[in-house]
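# Per-entry structural report
Residue-level listing of the chains:
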Amino acid sequence: MGWTYLSREALARAKAQMDEESMGVRDEIGFLTIHQGYADRFFPGTSVLHTRARYAMFVPWLFEDLAGLTGPAAVRALRERERELAGRLKDARESQVIGGRVYPEPSSQPPSTVYWNALAVWGILRPRPDRRTISRAQAHRLLNSAGAATDDDGQPLLSLEPPFAPLPEQPDSWHSGSITLQLTTAEAMFLRERLAQLRRNGGHELSLLARLVRTEVAAPSAMWADETRAVAGSDQAPLVRAQQAASLAAVGRAVYDALLEHIVEADDKRESTIRHRIHLAAIVEEHGSVAAKLDVDALEADIGVLSSRMRTVLIATKAWIASRSENPGALFDVYAAAEARKGPRARLAPTPNGRARRLEWSSDEHGLAEPLHYRWEQVSTLLNDLANAK
């Protein structure tokens, strides 16, 4: 017998990985690169962990409340305030509460973690003089004493400005009483002014998110809806390619699942359902024609160069769709090579490690393949929160 010690950071990484699995985020082959590329291009600062827009107010207010604290005391106080906030929002019967599922325990992914990058990208968290993002520890120190604040290397931060842009007033119920996730009109105006200025990939062109925010209406019915395309401007063609890539990724993920289901049955001699092989046929029927139109060179012009293995997967999958074959076996080598980047966690590998990983995999429990979503659900909620402010 022995003890195994895991650091707090290692535990957080393990928890995040489990959270991703529970949220249906799977990336055996590498399609997440395309998802992140287009999502960051269209919707800067957003995250799949975002829930409601008002957290972009809550986090700076929490920090301002704790002005005067630094170091471990500030970390402990913030952790407790975020835990209390989750409880108050649950009491108000809100349903998209960060940390609500584990309350009264503190969340491993609290609002200050989930929204920190968004605060920086959206211009609510001011940058350091060298344009780097202020860390949470630095924000505590700046709020405590701007003149004495130093960075993680002990160097003066130089800036005397507070870490956050001037915020809307806290509501009367901020410290006690009922608090909800609905934005006030003033808060929505504050957020809209910043989001409406977001540029694409750090350039001069407005992002799709900025264009949607400027309409000042609720979210379109879908990312591919006519209302979205109507305001997309120079992103109209990339938006079409993003839809084609989303469909091709759905086919690719279904191919992977079908291949895995087959080798569990044929090579490992274990019983397996055929639900993923049936689903592959349905996915090709629904998405194949759109997926086959993707121009991979144009996709790379949109989001950057892909790895050679990912590019090979896309091209081979398009060719397989065009062949109208019902057997994905011809794609095995290409998919196994792409999954090899996961090392000992690869499941298609004909090795003892691969067989061990397949023993952990259950066809019935594995979610069915779907198209990439590019965080549209989070963006829709953000747009609706802005439109429904009171």
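The structure this text deals with has already been given above.
Everything numeric in this text was worked out from a predicted model, so none of it was measured. (Residues numbered from 1 in each chain as written. Predicted model: local features only at pLDDT ≥ 70, side-chain atom pairs only at ≥ 80, totals over all residues. Heavy atoms only, no water.)

Contact geometry for helix α12 (residues 275-291) and helix α14 (residues 308-323): axes closest at 10 Å, N-to-C directions at 105°. One way to sum up the angle between α12 and α14 is to call them roughly perpendicular. Only Lys318, Trp320 and Ile321 of α14 make contact with α12, whose side of the interface consists of Leu280, Val284, Gly288 and Ala291. A class-by-class count of the residues in the contact of α12 with α14 yields five nonpolar, one polar and one charged. (Axes fitted to C-alpha atoms, helices over the stretch in contact; angles between N-to-C directions. Helix = DSSP H or I, 4+ residues; strand = E, 2+ residues; numbered from the N terminus. Parallel < 35°, antiparallel > 145°, perpendicular 65-115°, else oblique. Contact = heavy atoms within 4.5 Å. Nonpolar A, V, L, I, M, F, W, Y, C, P; charged D, E, K, R; others polar.)

Here we take up the environment of proline 44. One can find proline 44 in the loop between α2 (32-42) and α3 (55-65). The exposure class assigned to proline 44 is buried, which follows from its relative accessible area of 9%. Along the chain, proline 44 and arginine 200 lie 156 residues apart, while their C-alpha atoms are 7.4 Å from each other. Every residue in contact with proline 44, bar those within four places of it in the chain, is listed here: Ala39, Val121, Trp122, Leu198, Arg199, Ser207 and Leu209. (Buried < 20%, exposed > 50% of the residue type's maximum accessible area, 1.4 Å probe, protein only.)

What follows deals with the nonpolar core. Ranked by size, the top nonpolar core spans 99 residues in total, and within it Phe31, Ile34, Phe43, Tyr335 and Tyr374 carry the most contacts. For this core, the leading source of residues is helix α11 (residues 236-266), giving 16 residues. The residues touching tyrosine 374, leaving out its near neighbours within four places in the chain, are Ile34, His35, Tyr38, Ala39, Phe43, Met223, Trp224, Ala242, Ala245 and Ala246. (Core = buried A, V, L, I, M, F, W, Y, C linked by side-chain atoms within 4.5 Å.)

For threonine 381, the location among the structural elements is in helix α17 (residues 376-387). Excluding residues that lie within four positions of it along the chain, threonine 381 makes contacts with Thr51, Arg52 and Gln96.

All told, the structure shown has 13 aromatic pairs when counted by the stated rule. Aromatic side chains phenylalanine 63 and phenylalanine 164 sit 5.9 Å apart centroid to centroid with 65° between the ring planes, which places their arrangement in the edge-to-face category. Within this pair, whereas phenylalanine 63 is found in helix α3, its partner phenylalanine 164 is found in the loop between α7 (136-144) and α8 (185-195), the two being separated by 101 residues in sequence. As far as the burial class goes, phenylalanine 63 and phenylalanine 164 line up, both buried. Here tryptophan 116 and phenylalanine 164 contribute two aromatic rings whose centre-to-centre distance is 6.1 Å and whose plane-to-plane angle is 85°, an arrangement assigned as edge-to-face. In this pair, tryptophan 116 sits in helix α6 (residues 116-121) while phenylalanine 164 sits in the loop between α7 and α8, placing the two residues 48 residues apart along the sequence. Each residue in the set Tyr38, Phe42, Phe43, Trp224, Tyr374 and Trp376 is aromatic and connected to the rest through ring pairs, giving one cluster. (Phe/Tyr/Trp six-rings, centres within 6.5 Å; stacked < 30°, edge-to-face > 60°.)

Remember that the coordinates give geometry; whether it matters functionally is a separate question.
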